[in-house]
Amino acid sequence: GRDHIERLCSAVRTHALVELDLSNCFEPGIGDAMLTSLLTSGGLKLEKLVMSSNNITSAVSTLLADFLATNPRLKELNLVDNRLNDSDAALIGNALRSNTTLRHLHLNANDITNV
């Protein structure tokens, strides 16, 4: 639940983790809460975040886009096999205009239309 999410986010900050793989860890709704907590926790030093197969939805796309637009240290973000859609992809794409650090973005196996 929520307590476990806060403990995990605290550990990420305290130990200054640079890589975190939480693939296939969360039930529907919990993936959104975990990603929200990570992105709003402050002091995030992550360079690689993998949250594939966690039922992440459009509920966090604006927050994610805002986070990416701040040009965080994140170099790789893997959101493969979630529930993101075309609107989410557009928000993320727009945020990347001001981002110079992200080098790898993985969004395949979502509900995004192929171009």
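The structure this text deals with has already been given above.
Residues numbered from 1 in each chain as written. Predicted model: local features only at pLDDT ≥ 70, side-chain atom pairs only at ≥ 80, totals over all residues. Heavy atoms only, no water.

Student: Explanation requested: the packing of helix α3 (residues 61-69) against helix α4 (residues 86-95) in the structure shown.
Tutor: The angle between the axes and the distance between the axes are what describe a pair of packed helices. For the pair α3 and α4, the least separation of the axes is 8 Å and the interaxial angle reads 15°. Classified by the interaxial angle, the pair formed by α3 and α4 is roughly parallel. Taken as a pair, α3 and α4 cross one another with a handedness that is right-handed. Within the contact between the two elements, α3 uses S61, T62, L64, A65, L68 and A69 and α4 uses D88, L91, I92 and A95. (Axes fitted to C-alpha atoms, helices over the stretch in contact; angles between N-to-C directions. Helix = DSSP H or I, 4+ residues; strand = E, 2+ residues; numbered from the N terminus. Parallel < 35°, antiparallel > 145°, perpendicular 65-115°, else oblique. Left-handed = near helix turned anticlockwise from the far one by under 90°. Contact = heavy atoms within 4.5 Å.)

Student: Any chance you could explain the nonpolar core here in plain terms?
Tutor: One recurring pattern in soluble globular proteins is that nonpolar side chains are buried together. Core analysis: the biggest nonpolar cluster contains 29 residues, and L38, L49, M51 and L68 have the highest contact counts within it. When residues of this core are traced back to their parent elements, those giving at least two are α1 (2-14), α2 (30-40), α3 and α4. Residues in contact with L49, not counting those within four places in the same chain, are L20, L35, L38, L74, E76, L77 and N78. (Core = buried A, V, L, I, M, F, W, Y, C linked by side-chain atoms within 4.5 Å. Buried < 20%, exposed > 50% of the residue type's maximum accessible area, 1.4 Å probe, protein only.)

Student: Can you walk me through α2 in this structure?
Tutor: Since the α-helix packs 3.6 residues into each turn, any two residues three or four apart lie on the same face. Burial within α2 is extensive, with 8 of its 11 residues counted as buried. Of the residues making up α2, those classed as buried are G31, D32, A33, M34, L35, S37, L38 and L39.

Student: Mind showing me how you'd approach the environment of N78 here?
Tutor: Along the chain, N78 falls in strand β3 (residues 76-78). Here N78 falls in the buried class, since its relative accessible area comes to 14%. A sequence separation of 23 residues divides N78 from N55, and the C-alpha atoms of the two residues are 13 Å apart. Apart from residues no more than four positions distant in its own chain, N78 is found in contact with L49, V50, M51, S52 and H106.

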